[in-house]
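One letter stands for each residue in the lines below.
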Amino acid sequence: MHRLGLPAHVTVAVMGAYALTSLITFVVFGFDKHRAAKKGRRVPERTLFGLTFAFGFPGAIAGMLVFRHKTRKRPFIVKTALIIVAHLVLVAMVVRAFSS
């Protein structure tokens, strides 16, 4: 068992999911910014939000900052923040369940 109460293989799998999904999310944010600049077909916001929730929020934050993408869209920022909080609450609940 890991320090958080999770088995080591679960911790490694979760960290891998964060790394891979964050990388994908970062790339998708960059692609969407590129498409926006070229007036091309955009990535739907629900896709960006889904990736953000599905372990990709570190990549979403990095993509927003690096590409300066969606940083002026207050509704997008608020929804993203709420998704991140919901994700962290769920992760905390899982960790707590394993710690008991």
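Provided above is the structure to which this section pertains.
Predicted model only: the values in this text are computed from it and were never measured.

## Quick look at the packing of aromatic side chains
Step number 1: Here the structure, examined in full by the defined rule, presents five aromatic pairs.
Step number 2: The interplanar angle of 90° and the centroid separation of 6.0 Å between the aromatic rings of tyrosine 18 and phenylalanine 57 together place this pair among those described as edge-to-face. Highlighted residues: tyrosine 18 in helix H1 (residues 8-37) and phenylalanine 57 in helix H2 (residues 45-66), separated in sequence by 39 residues. Each member of the pair tyrosine 18 and phenylalanine 57 is classed as buried.
Step number 3: Seen from their ring centres, phenylalanine 49 and phenylalanine 76 are 4.8 Å apart, and the 25° between their planes marks the pair as stacked. Here the residue phenylalanine 49 occupies a position in helix H2, and phenylalanine 76 occupies one in helix H3 (residues 74-99), the gap between them amounting to 27 residues.
Step number 4: Of the aromatic side chains, those joined through ring pairs into one cluster are Tyr18, Phe55 and Phe57.

## Digging into the pattern of salt bridges
Step number 1: Scanning the model with the defined rule gives two salt bridges in all.
Step number 2: For aspartate 32, the salt bridge identified is with arginine 42, shortest N-O distance 2.9 Å. In this pair, aspartate 32 is assigned in helix H1 and arginine 42 in the loop between H1 and H2, connecting sequence segments 10 residues apart.
Step number 3: The exposure class of aspartate 32 is buried, given its relative accessible area of 0%.
Step number 4: Overall, the relative accessible area of 36% leaves arginine 42 in the partly exposed class.
Step number 5: Among the ionic pairs, glutamate 45 bridges to lysine 70, the shortest N-O distance being 2.9 Å. Here glutamate 45 is found in helix H2, whereas its partner lysine 70 is found in the loop between H2 and H3, with 25 residues between them in sequence.
Step number 6: For glutamate 45, a relative accessible area of 33% corresponds to the partly exposed category.
Step number 7: Using a relative accessible area of 12% as the deciding quantity, one classes lysine 70 as buried.

Basis of the calculations
Residues numbered from 1 in each chain as written. Predicted model: local features only at pLDDT ≥ 70, side-chain atom pairs only at ≥ 80, totals over all residues. Heavy atoms only, no water. Phe/Tyr/Trp six-rings, centres within 6.5 Å; stacked < 30°, edge-to-face > 60°. Helix = DSSP H or I, 4+ residues; strand = E, 2+ residues; numbered from the N terminus. Buried < 20%, exposed > 50% of the residue type's maximum accessible area, 1.4 Å probe, protein only. Salt bridge = Lys/Arg side-chain N within 4 Å of Asp/Glu carboxyl O.

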